[in-house]
Amino acid sequence: KKGPRRAKGFAGVTVIAMLYFMSVALAIPSMPKLVNNILTGSGRVTSSSQMVLAALLATDGFFTFLTNNFWGTLSDRYGRKPFLAMSALGISVGAFLVSIGAQMGRIWPMFLGAAIDGCTSCMFGLGQAYVSDVSAPQELAGNIGVFLGVAAGVSFMVGIPVSAILTSKVSPQAPFVASACIGLLNAMLVYLIPESNPEEDRREVDLANANPWGALQMLHSNPLMFGVSVSYFLLWFAHTGLQVTWMNFFDAMHGWPASKSGMVLSVFGIGVSIMPKLILKFLKLPDAVEFTLFVYTLSLLGLGMVTGPDLSVYGILFFCCMGSTSLPSMLSLLTNQARSKERGAMQGATETIKTMCTIVAGPIMSAVFAYWISSSRDVPMPGNVFLVAGAVMFLSFLNFHLTWAKHASLDKSHSGDAPPARKAWWHFAE
């Protein structure tokens, strides 16, 4: 294609993703409580219930890991819409099975639902592929930030309170029934948005490479892409520690109810939609990645140590929000390395990295959290999980700095800008 691409369908896919994340948001406050109730008979977290919750997330992540690159590659050949609809339908079935398991007082239907959801969980990657189809390269980081922030932030801001109301007024299973209904409706709405990958832009695909190994091979095509991919893995590893312990951490450390921590999470998501465009006004994309990784490192360490009033926690979470914009920024940098006909495969490859973290980092970070809140400890120290996350984040920052310093000339971004001369954003580093 010649000239900048029009952002046709951007609003539509953002709404589709928002409804998808609404299904997720309805489940987040209730899932830990349902697991705790089944295992312990109360809503309080224990080390065993935290590990079962991590196992559920890992099950979802394992099947996503196996299938994500497959769906991404197929979307390069058959278009994005069929697989967006499949993903919306998958979360609907998964939520329904979780509600059945909660009603029965059994864990196994929850694991079945997590497996089905994982096998069809490609909304995140294919939504980003859709955005990359309709965005000019120099606008991609900002557009992905808006897509993720608005889709996730607004849905969490609405979904978390609605989930709390349904739980208190109807039943703990009601949010999952609502989630299933929204997923079913969303699957039908997908067909109202235009296809972002038209026939003339599609390619023949090699299904032999449409697997996790093929995804990793794609990300190993040159030293720059490999180094950035390693940093992306470490970034998601640390970020997963925040995700899997968010609700239980704020409960154990600060005594926050699920409604409060969920609302803060939704504001966090909206902040992520705003930050990338603001930061990229002052920094080029590689420098923005490096800066936000450094900020994220410091803010995770601060979050693990703060024990003061809520205002101090909010201040640190603001910098966490700023740091988490490294996620869309680094994703944009990787996506810009792919040709236009391979964006689905590239998004599948980056989703493979993310789901590897869900499988590996989820249980590890949950085990760290469970160890430090164990009843055998005289003084519980739940914040230590974020000290570990901060150390991993620093490794991501250091690896990215060294990779870009050595291999910036390999950058294939099609923004029309030459790779900038290597200058650290802080003066003393060189």
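Remember, it's a predicted structure, so these values are computed and weren't measured experimentally. (Residues numbered from 1 in each chain as written. Predicted model: local features only at pLDDT ≥ 70, side-chain atom pairs only at ≥ 80, totals over all residues. Heavy atoms only, no water.)

Student: Looking at this structure, I do not really get a nonpolar patch on the surface. What am I missing?
Tutor: Together, L89, V93, L184, L185 and M188 line one region of the surface with nonpolar side chains, adding up to about 440 Å² of accessible area. Taken together, the elements giving at least two residues each to the nonpolar patch come down to α4 (81-104) and α8 (174-189). Ranked by residues supplied to the nonpolar patch, first place goes to α8 with 3 residues. Position of L185 among the secondary structure elements: in helix α8. (Patch = residues over 30% accessible without salt bridge, like charges linked within 9 Å, V, L, I, M, F, W, Y side chains within 5 Å. Areas by Shrake-Rupley, 256 points an atom, 1.4 Å probe, with all protein chains shown as cover. Salt bridge = Lys/Arg side-chain N within 4 Å of Asp/Glu carboxyl O. Helix = DSSP H or I, 4+ residues; strand = E, 2+ residues; numbered from the N terminus.)

Student: I'm lost on the confidence of the model for the protein in this one. Help?
Tutor: Averaged over all residues, the pLDDT of the protein is 80; the fraction at 70 or higher stands at 88%. Below a pLDDT of 50 lies the segment residues 1-5, which in the model reaches 10 contacts outside its immediate sequence neighbourhood of four places, other chains included. Note that pLDDT drops below 50 for residues 414-430; the model gives that stretch 26 contacts with residues more than four away or on any other chain. (pLDDT = per-residue confidence, 0-100. Contact = heavy atoms within 4.5 Å.)

Student: Is there a simple way to explain the packing of α4 against helix α5 (residues 108-119) in this structure?
Tutor: Each pair of packed helices can be described by the angle between their axes along with the distance between the axes. For the pair α4 and α5, the least separation of the axes is 7 Å and the interaxial angle reads 175°. Compared by their axis directions, α4 and α5 come out roughly antiparallel. Across from G90, I91, V93, G94, L97, V98, G101, A102 and M104 in α4, the residues of α5 making contact are W108, P109, M110, L112, G113, I116 and D117. Across the contact of α4 with α5, the residue classes break down as 11 nonpolar, 4 polar and 1 charged. (Axes fitted to C-alpha atoms, helices over the stretch in contact; angles between N-to-C directions. Parallel < 35°, antiparallel > 145°, perpendicular 65-115°, else oblique. Nonpolar A, V, L, I, M, F, W, Y, C, P; charged D, E, K, R; others polar.)

Student: Is there a simple way to explain the packing of aromatic side chains in this structure?
Tutor: Geometry of an aromatic ring pair is reported as the spacing of the ring centres plus the angle between the planes. Under the defined criterion, the tally for this structure stands at 11 aromatic pairs. On the numbers, 5.3 Å between centres and 80° between planes, the contact of F318 with F319 is edge-to-face. For F319, a relative accessible area of 43% corresponds to the partly exposed category. An aromatic cluster is defined as three or more aromatic residues linked by ring pairs; in this entry it consists of Y20, F21 and F124. A cation sits over an aromatic face here: R77 above Y78, 5.3 Å from the ring centre. (Phe/Tyr/Trp six-rings, centres within 6.5 Å; stacked < 30°, edge-to-face > 60°. Buried < 20%, exposed > 50% of the residue type's maximum accessible area, 1.4 Å probe, protein only. Lys NZ or Arg CZ within 6 Å of the ring centre and 35° of its normal.)

Student: What exactly am I supposed to notice about the side chain of S135 here?
Tutor: Residue position: S135 is located in the loop between α6 (123-133) and α7 (140-169). Only 2.9 Å separates the side chain of S135 from the side chain of N143, close enough to count as a polar contact. (Polar contact = N/O pair within 3.5 Å; in protein donor to acceptor, adjacent residues only side chain to side chain.)

Student: What am I meant to see in the environment of P223 here?
Tutor: For P223, the location among the structural elements is in helix α10 (residues 223-254). With a relative accessible area of 41%, P223 lands in the partly exposed category. Setting aside chain neighbours within four positions, we find P223 in contact with T403, H407 and L410.

Student: Help me understand the nonpolar core, please; the structure alone is not making it clear to me.
Tutor: One broad trend across soluble globular proteins is that nonpolar side chains are buried collectively. The biggest cluster of nonpolar side chains holds 98 residues, and the ones touching the most others in it are L300 and L303. Here this core takes 15 residues from α10, the largest share from any one element. Those residues in contact with L300 that lie beyond four places of it in its chain are A238, L242, C320, F386, A389, G390 and M393. Membership of the second largest hydrophobic core comes to 13 residues, among which are A27, M31, L34 and V35. (Core = buried A, V, L, I, M, F, W, Y, C linked by side-chain atoms within 4.5 Å.)

Student: What is the right way to read the environment of G125 from this model?
Tutor: The residue G125 is located in helix α6 in this model. Relative accessible area serves as the criterion here: at 2%, G125 is assigned to the buried category. C-alpha separation for the pair G125 and M346, spaced 221 residues apart in sequence, amounts to 9.0 Å. When residues no more than four places from it in sequence are discounted, the contact partners of G125 are Q347 and E351.

Student: Even after reading the chapter, I still don't get the packing of helix α12 (residues 285-305) against helix α14 (residues 326-335), so can you show me in this structure?
Tutor: Interhelical geometry of α12 versus α14 gives an angle of 150° and a closest axis separation of 9 Å. Remark: the crossing between α12 and α14 carries left-handed chirality. Only S326, S329, M330, S332 and L333 of α14 make contact with α12, whose side of the interface consists of L285, V289, T292, L293 and Y296. (Left-handed = near helix turned anticlockwise from the far one by under 90°.)

Student: Before we go on, may I ask you to explain the side chain of S75 in this structure?
Tutor: Residue position: S75 is located in helix α3 (residues 47-78). Look at S75 and you get buried, because its relative accessible area is 0%. Aside from chain neighbours lying at most four places away, what touches S75 is R80, F83, L126, N197 and G344.

Student: What should I look at first to understand the pattern of salt bridges in this one?
Tutor: Two side chains with opposite charge may pair up if their charged atoms get near one another. One pass over the structure, following the stated rule, counts 2 salt bridges. Notably, a salt bridge pairs R80 with D76, separated by 2.9 Å at the nearest N-O pair. R80 gets classed as buried once you look at its relative accessible area, which sits at 0%. Residue D76 is classed as buried on the basis of its relative accessible area, which comes to 1%. The residue D133 makes a salt bridge to R80 at a minimum N-O spacing of 2.8 Å. Here R80 lies in the loop between α3 and α4 and D133 lies in helix α6, a separation of 53 residues in the sequence. Of the two residues, D133 and R80, both sit in the buried class. What emerges from the salt-bridge pattern is a single network uniting D76, R80 and D133.

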